[in-house]
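Residue-level listing of the chains:
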Amino acid sequence: MNIMKKAALAAAATLLLATGGIATAGTASASTQISCAGREYEQAGAPYKSSESDKHFGFYNGYTETPSPNSFSWATVEAQCLLNTIGNNLVVDGYYGPKTQDAVRDVQSKQSLSQDGFVGPETWPALRFVAW
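Focus on the packing of aromatic side chains
Right, so step 1: Counted according to the given criterion, the structure contains 5 aromatic pairs.
Right, so step 2: A ring pair is formed by Tyr60 and Trp124, whose centres lie 5.1 Å apart and whose planes are at 50 degrees; its orientation type is tilted. Placement of Tyr60 in the loop between strand 2 (46-48) and helix 2 (74-85) and of Trp124 in helix 4 (residues 123-131) is noted, with a sequence separation of 64 residues between them. There is no split in this pair, since Tyr60 and Trp124 are both buried.
Right, so step 3: Arranged with centres 5.1 Å apart and planes meeting at 85 degrees, the rings of Phe72 and Trp74 form a pair that is edge-to-face.
Right, so step 4: The exposure class of Phe72 is buried, given its relative accessible area of 11%.
Right, so step 5: Its relative accessible area of 25% is what places Trp74 among the partly exposed residues.
Right, so step 6: Among the aromatic residues, ring-to-ring pairing joins Phe59, Phe72, Trp74 and Tyr95 into one connected group.
Right, so step 7: Here the guanidinium or amino end of Arg128 rests over the ring plane of Tyr63, the centre of that ring lying 5.2 Å away.

Focus: the packing of helix 2 against helix 4
Right, so step 1: Interhelical geometry of helix 2 versus helix 4 gives an angle of 40 degrees and a closest axis separation of 8 Å. Between helix 2 and helix 4, the crossing angle belongs to the class labelled oblique. Note on packing geometry: the crossing formed by helix 2 with helix 4 is left-handed. Across the interface between the two elements, Ala75, Glu78, Ala79, Leu82, Leu83 and Thr85 of helix 2 pack against Trp124, Leu127, Arg128 and Ala131 of helix 4.
Right, so step 2: Broken down by class, the residue content of the contact of helix 2 with helix 4 amounts to 7 nonpolar, 1 polar and 2 charged.

Quick look at the pattern of salt bridges
Where charged atoms from two side chains of opposite charge approach closely, those side chains can pair.
Right, so step 1: Under the defined criterion, the tally for this structure stands at 3 salt bridges.
Right, so step 2: A salt bridge links Asp102 to Arg105; the nearest nitrogen and oxygen atoms lie 3.0 Å apart. In this pair, Asp102 and Arg105 both sit in helix 3 (residues 98-110), 3 residues apart, roughly one turn of the helix.
Right, so step 3: Across the pair Lys110 and Asp106 runs a salt bridge whose closest N-O atoms are separated by 3.2 Å. Taken together, the residues span about one helical turn, with Lys110 and Asp106 both in helix 3 at a distance of 4 residues.
Right, so step 4: According to the relative accessible area criterion, Lys110 is exposed, its value standing at 62%.
Right, so step 5: On the accessibility criterion, Asp106 (38% relative accessible area) is partly exposed.

Rules of the game
- Residue positions within a chain follow its written sequence, with the count starting from 1.
- At least 70 in pLDDT is required for a residue's local features to be given in this predicted model, at least 80 for side-chain atom pairs to be given and counted, and no such filter applies to totals for whole chains, interfaces and linings, which use all residues.
- Water and hydrogen atoms were dropped before computing side-chain values, which therefore reflect all heavy atoms in the structure.
- Each pair of aromatic rings taken from Phe, Tyr and Trp, with Trp reduced to its six-membered ring, is defined by centres within 6.5 Å and is described as stacked if the planes are under 30 degrees apart, edge-to-face if over 60, and tilted in the remaining cases.
- Only DSSP runs of H or I reaching four residues or more are called helices, and only runs of E reaching two or more are called strands; each is numbered from the N terminus.
- Summary of the burial criterion: residues with accessible area below 20% of their type's maximum are buried, those above 50% are exposed, and those between are partly exposed, where the area comes from a 1.4 Å probe applied to protein chains only.
- Sitting over a ring, as applied to charges here, requires NZ of Lys or CZ of Arg to be within 6 Å of the ring centre and within 35 degrees of the ring normal.
- In this analysis an axis means a line fitted to C-alpha atoms, helices contributing only their contacting stretch, and an angle means the value between N-to-C directions, from 0 to 180 degrees.
- Put simply, angles under 35 degrees are roughly parallel, angles over 145 are roughly antiparallel, angles from 65 to 115 are roughly perpendicular, and the rest are oblique.
- Helix crossings are classified by the rotation of the near helix relative to the far one: an anticlockwise turn of less than a right angle makes the crossing left-handed, while a clockwise turn makes it right-handed.
- The criterion used for residue contact is that any of the two residues' heavy atoms lie within 4.5 Å.
- Each residue gets one label: Ala, Val, Leu, Ile, Met, Phe, Trp, Tyr, Cys and Pro are nonpolar, Asp, Glu, Lys and Arg are charged, and the others, such as Gly, are polar.
- For salt bridges, the criterion is a side-chain nitrogen of Lys or Arg within 4 Å of an Asp or Glu carboxyl oxygen.

This is the structure in structure tokens:
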């Protein structure tokens, strides 16, 4: 990538951050609501778009990350969006709080999983299954 292209990309990213166009771990807060419409991002160098057939919204498509309370993560956004598709009314803010944990416990209970309230390697597939 040439220097001009890098400079243009850096300037665009700075503008988006300054205007609130990008939520990052440092800029997102509990009051920042995120749309579950999905987002485009690059995965392994190729453009990636979420779709119903992929069973995720495009914020996190794995099965191994376990979101932790009191810190922002895109995996939490994904979990909150999935939970809302099955009837929960969570604020999608990327913070894994008590309401998100309670909603996950409900899914775990219905899927005969350990009810710890956290989306991990066993709960991600079950959550994606019931949401889609």
